[in-house]
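# Examining the three-dimensional arrangement
If you want the building blocks of each chain, they are given just below.
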Amino acid sequence: MFYQKYRPSKFSEVFGNENVLNTLKNALHKGNLPHAFLFYGPRGTGKTTMARLLAKALACDNFSKNNDACCECSSCISIGEGRYPDLLEIDAASNNSVDNIRDINEKIGLAPTFGKLKFYIIDEVHMLSKGAFNALLKTLEEPPKNTYFVLATTEPEKVIETIKSRCQQLQFKRASVKDVSSKLKYIAKKEGYVILSNDDKNSKKGKGFLENDLNKIAQASKGGFRDAETLLEQVIIGGIEVDEVLNTVGLDYTVRFMEAVIGKDLRLCLELINDIYSKGKNLESWNKEILFYIRQLILVKNDLKDLVELDINLYPLAENQAAQISNTFILKALKAFNNSYDLLKQAYIQTLPLEGAVLEIIGEGISSSSLPNETINLNPGGDNSNTESQPPNTKNQISKKEKPKQKQKKSEKIQTSNLKSKVLNVINLSDNSEVFSQPQELNTKTFSWGDFLQNVENEKPTLAATLRTCKHIGFESNKILVEAQYQFHKERLEISGTRDILEAVLCNMLNSKVVFSCRLSKEANKNLTDKNISYVTVKADEITFTSGKKEDDFAIPQDDENFVASPVTLKKEAKNNSGTGDALSDFGGEFEV
C-alpha cells in the first residue's frame, strides 16, 4: 500500500502540519521534551506517523548532528522495520480495559531492553474505558525517567480532562490541497511517472500525470494523506482514469454548468444534468462538487485567494463568475443545492432534485420554502432582486391571523376625494378609469398597444384588466417588453397558460412568433402588507376609512395614490351586483380570507 510504502521516515519528509513539526523539533533541539503528548485531529493527517518519527528522533544515535533522525543507526533501522522492542503501539479500540492499562503500569518500571528509552503510542485513546483512563492517570503524572507517551485520537472531546491536563496537546489539521498534491507528485515521480502541465498535448501518452488530475485527487481526499495515497494507488495500479476512480464529473464541467445557471440558461442546465446522468455519473457526488465550487465562488468574491482550492486555469473563470453574482444569489444557490443533495438520497427520478434546484435559482420554479401554508404575501421579501419566485396563484389571500395592531390612519399622500373616484372606477371597471395606464401607441403600422389589449380582452377579459395596469416598453429582438407595477401582476402574467394566450395574440397580430417578457418596475410598490395599507369600506357612493380589515373592505396602499389594490374580501351577496361582479371577474375570481 502506498500509504505504508511512502510513510515519512524522518521529519524532512513530512508534508503539512508545520506547526506540529516545528514544535517537536524545537523541543528536541533544546532538550526540553514533555513526557506526554496528546495528538488529535482528523483521520489520515499523520498523527501516528509523527509519533513514530518522534520516537525515532529520541532513539537516534546521531540526532544532534542534523536535528533529524539519521535513518542509518541501529535504533533508526529497528524502528523503521517495526522491531524496536521499547517502542510499544497499543490500539485502544481493542485494548481498552483496565487490565490492559495495568499491564502497562506493571512493565513500565523495567529498564529499556534495547535502547536508552521506552516509548508508548496509544492510538484511538478516546476508546479507553473510564476505569482504564483512571488507571493511566498516575503513570502519566509521574512516569519513570526516559519514558514517553503519545496519545492519539480523532475525538479529543471524549478524552477526560484529567488526562488532557497531564499532556501537551498538539492539533493536526487537514492538509491543504497544495500539500496533498505535493505529496502525490512526490509519489508519482518515485513510481516513474512524469508530471505534465494541464495544457500538454501529449498528456495521455506514456507514463504521465496531469497536474489537474493530482489536484482532483487532493481535493477528493479532504485533507487526508492516507485517502489521497490510496486513491492514487488505484489509478496507478488499476490503470483507471482519475474521474472514473473518483466517480466525479470534474470541475471543468461544473464551471460550465454554473455559467449556465448564472446566465439563466434553463435549457442548457437541464441538458447538462441529463447528460451527466446518461453517462452513469453519480449525481450525489456531482452535487457535492457543485457545493464545493459555490464555496470557491464565495472565497473568490471576497478576495480570499489563500483559501481558494481551484486549479490556476479555473481561477480566472471563477473570478469572472463571482463578479456577475450577488451574495443573495450565492445564498439562494447554496440553499437550493443543499436541499437537492438531501433529496437525491431518496429521489424516485434521480435528475429531478437537481432540475428543481435549477428552476428555483433561475426563478421559474416554486421554492419549497415559499409554498403556502395559511398566508400568501403579495411580495414577501421586499426588493425584487432579493425575492424568491412565488407560486402562481389566482387568489390573493390574506391570513385571518393578520390583524392590524393599531388603527390604520389615513395617509397624507392620498386625498379622500381622489380615492373615492378611483375605488368606484375599480368597481365599475370604467374604460376611462384613472387607475389604468392608457393604451400607448407605437410608431409602427402593424401594431398598437390598444389593439393588443382589445384582442386579449376578447380572449380573456380578466387578463386584459391586469395588462391595463402595466406599461408597454417596446420591442427587443423578438420580444415584447412589458413593465408591471406590482409583483403579483408580474407573477400572474408569467404563468405558462397566461403567457401562451398573450403570445398567441401577438403572433396573430404580427404574423410572427413573439416572446412575451414582463419585468417589475423600479418604482413598483413591492410591500403591500398590513403595515403600509389602509382599509376602506365602499357603500353606494360613499367611502369610509375603517379601523381594521372587515369582510367587505378594500386594501389601499398608503404610499401610492395611483393604484387601488384588489378587495380583501367581498360578501357572497355582492356577486349579484353587476359592478362588484365585474370586479371579481377582472381580479381573477373570489378573494378569500
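Residues numbered from 1 in each chain as written. Predicted model: local features only at pLDDT ≥ 70, side-chain atom pairs only at ≥ 80, totals over all residues. Heavy atoms only, no water.

### Side note on the overall build of the protein chain
In terms of helices and strands, the protein chain carries 24 helices and 13 strands. Within the protein chain, buried positions represent 48% of all 593 residues. A total accessible area of about 30900 Å² is found for the protein chain, and carbon and sulfur atoms account for 46% of it. (Helix = DSSP H or I, 4+ residues; strand = E, 2+ residues; numbered from the N terminus. Buried < 20%, exposed > 50% of the residue type's maximum accessible area, 1.4 Å probe, protein only. Areas by Shrake-Rupley, 256 points an atom, 1.4 Å probe, with all protein chains shown as cover.)

### Comments concerning the sheet that holds strand β9 (residues 479-484)
In a beta sheet, neighbouring strands pair by backbone hydrogen bonds and run either parallel or antiparallel. The strand order across the open sheet built from three strands is β8-β9-β10, with neighbouring strands paired in mixed fashion. Taken across any chain shown, the strands that pair with only one partner, and hence form the sheet edges, are β8 (471-476) and β10 (515-520). For this sheet the average axis-to-axis angle between neighbouring strands, irrespective of direction, equals 25 degrees. Alignment of β8 against β9, held across five bridges, turns out to be antiparallel. Of the residues in β9, the one forming a bridge with E476 is K479. Sheet strands touched by helix α23 (residues 496-510): β8, β9 and β10. Its angle to β10, the strand with the most contacts, is close to 125 degrees. (Pairing = 2+ DSSP bridges. Axes fitted to C-alpha atoms, helices over the stretch in contact; angles between N-to-C directions. Contact = heavy atoms within 4.5 Å.)

### Some details on the confidence of the model for the protein chain
Summary statistics for the protein chain give a mean pLDDT of 75 and a share of 72% for residues scoring 70 or more. Confidence drops under pLDDT 50 across residues 364-443; counting only partners more than four residues distant or on other chains, this segment forms 156 contacts. For the stretch residues 558-581, pLDDT sits under 50, and the model shows 71 contacts to residues farther than four places along the chain or on other chains. (pLDDT = per-residue confidence, 0-100.)

### A short note on the sheet that holds strand β5 (residues 168-171)
Across the sheet, which stays open at both edges, the five strands sit in the order β2-β3-β4-β1-β5 with parallel pairing between neighbours. Both outer strands of the open sheet, β2 (87-91) and β5, are each paired with one neighbouring strand and no more. Averaged over all pairs of adjacent strands, the angle between strand axes in this sheet comes to 20 degrees, irrespective of strand direction. Across the face of the sheet, helix α3 (residues 47-59) comes into contact with β1 (36-40), β2, β3 (118-123) and β4 (147-153) while running at roughly 180 degrees to β3.

### Quick notes on the pattern of salt bridges
Evaluated as defined, the whole model comprises 16 salt bridges. Notably, a salt bridge pairs K107 with D103, separated by 3.7 Å at the nearest N-O pair. Separated by four residues within a single helix, K107 and D103 lie in helix α6 (residues 98-107), roughly one turn from each other. Among the residues examined, K107 registers a relative accessible area of 45% and is labelled partly exposed. For D103, a relative accessible area of 34% puts it in the partly exposed group. K490 serves as the salt-bridge partner of E494, at 3.0 Å between the closest nitrogen and oxygen. Taking the relative accessible area as the measure of exposure, E494 reaches 27% and is therefore partly exposed. (Salt bridge = Lys/Arg side-chain N within 4 Å of Asp/Glu carboxyl O.)

### Describing the packing of aromatic side chains
Counted according to the given criterion, the structure contains 12 aromatic pairs. Between the aromatic rings of F15 and Y186, the centroid separation amounts to 6.1 Å while the plane-to-plane angle is 50 degrees, which identifies the pairing as tilted. You can see F15 sitting in the loop between α1 (2-5) and α2 (18-30) and its partner Y186 sitting in helix α9 (residues 177-190), a full 171 residues away along the chain. With relative accessibility at 26%, the residue F15 sits in the partly exposed group. Ring centres 6.2 Å apart and planes at 75 degrees place the aromatic pair Y253 and W286 in the edge-to-face group. With Y253 in helix α13 (residues 251-262) and W286 in helix α15 (residues 283-301), this residue pair connects regions lying 33 residues apart in the sequence. The two residues Y253 and W286 agree in class, both being buried. Connected via pairs of aromatic rings, a cluster forms that spans F2, Y6, F15 and Y186. (Phe/Tyr/Trp six-rings, centres within 6.5 Å; stacked < 30°, edge-to-face > 60°.)

### A short note on a nonpolar patch on the surface
Taken together, the side chains of Y348, I349 and L352 present a nonpolar region at the surface, about 400 Å² in accessible area. Position of L352 among the secondary structure elements: in helix α18 (residues 352-362). What makes L352 partly exposed here is its relative accessible area of 48%. (Patch = residues over 30% accessible without salt bridge, like charges linked within 9 Å, V, L, I, M, F, W, Y side chains within 5 Å.)

### Section: the packing of helix α10 (residues 211-220) against helix α11 (residues 225-238)
Close contact between α10 and α11 brings their axes to 8 Å; oriented N to C, the two are set at 140 degrees. On the basis of the axis angle, α10 is oblique to α11. The handedness of the crossing between α10 and α11 is right-handed. In this structure, α10 uses L214, I217 and A220 to contact α11, whose residues at the interface are A228, L231, L232 and V235. Residues belonging to the contact of α10 with α11 are distributed by class as follows: seven nonpolar, no polar and no charged. (Parallel < 35°, antiparallel > 145°, perpendicular 65-115°, else oblique. Left-handed = near helix turned anticlockwise from the far one by under 90°. Nonpolar A, V, L, I, M, F, W, Y, C, P; charged D, E, K, R; others polar.)

### Regarding the nonpolar core
Counting 40 residues, the largest nonpolar core has F257, M258, W286, I290, Y293, F337 and L354 as its most contacted members. Put simply, the parts of the chain that give this core at least two residues each are α13, α14 (266-278), α15, α16 (315-324), α17 (327-344) and α18. Broken down by element, the residue count for this core peaks at nine residues, all from α15. If we ignore the near neighbours within four places in the chain, the residues touching L354 are I273, L283, W286, N287, I290, F337, S340 and L344. (Core = buried A, V, L, I, M, F, W, Y, C linked by side-chain atoms within 4.5 Å.)

### Here's the deal with unusual backbone geometry
Look at K264: it is not a glycine, yet its phi comes out positive at around 55 degrees. Looking at the element boundaries, K264 is found in the loop between α13 and α14. Here the phi dihedral of D303 falls at roughly 60 degrees; this positive angle occurs in a residue that is not glycine. Along the chain, D303 falls in the loop between α15 and α16.

### Regarding the side chain of N215
With respect to the helices, strands and loops of the structure, N215 is situated in helix α10. Residue N215 is classed as buried on the basis of its relative accessible area of 15%. Aside from chain neighbours lying at most four places away, what touches N215 is V177, S181 and D311.

### Let's talk about the pairing of β1
Taking burial as the measure, the five residues of β1 include five buried ones, the bulk of the element. Neither face of β1 is left uncovered, since the one carrying A36, L38 and Y40 and the one carrying F37 and F39 both have all their residues buried. Bridge count for β1 against β4 is five bridges, and the pairing is parallel. When the sheet's bridge partners are listed, F37 is paired in β4 with V150. Of the pairings in the sheet, the one linking β1 to β5 comprises four bridges and is parallel in character. Counted as the bridge partner of L38 is Q169 from β5.

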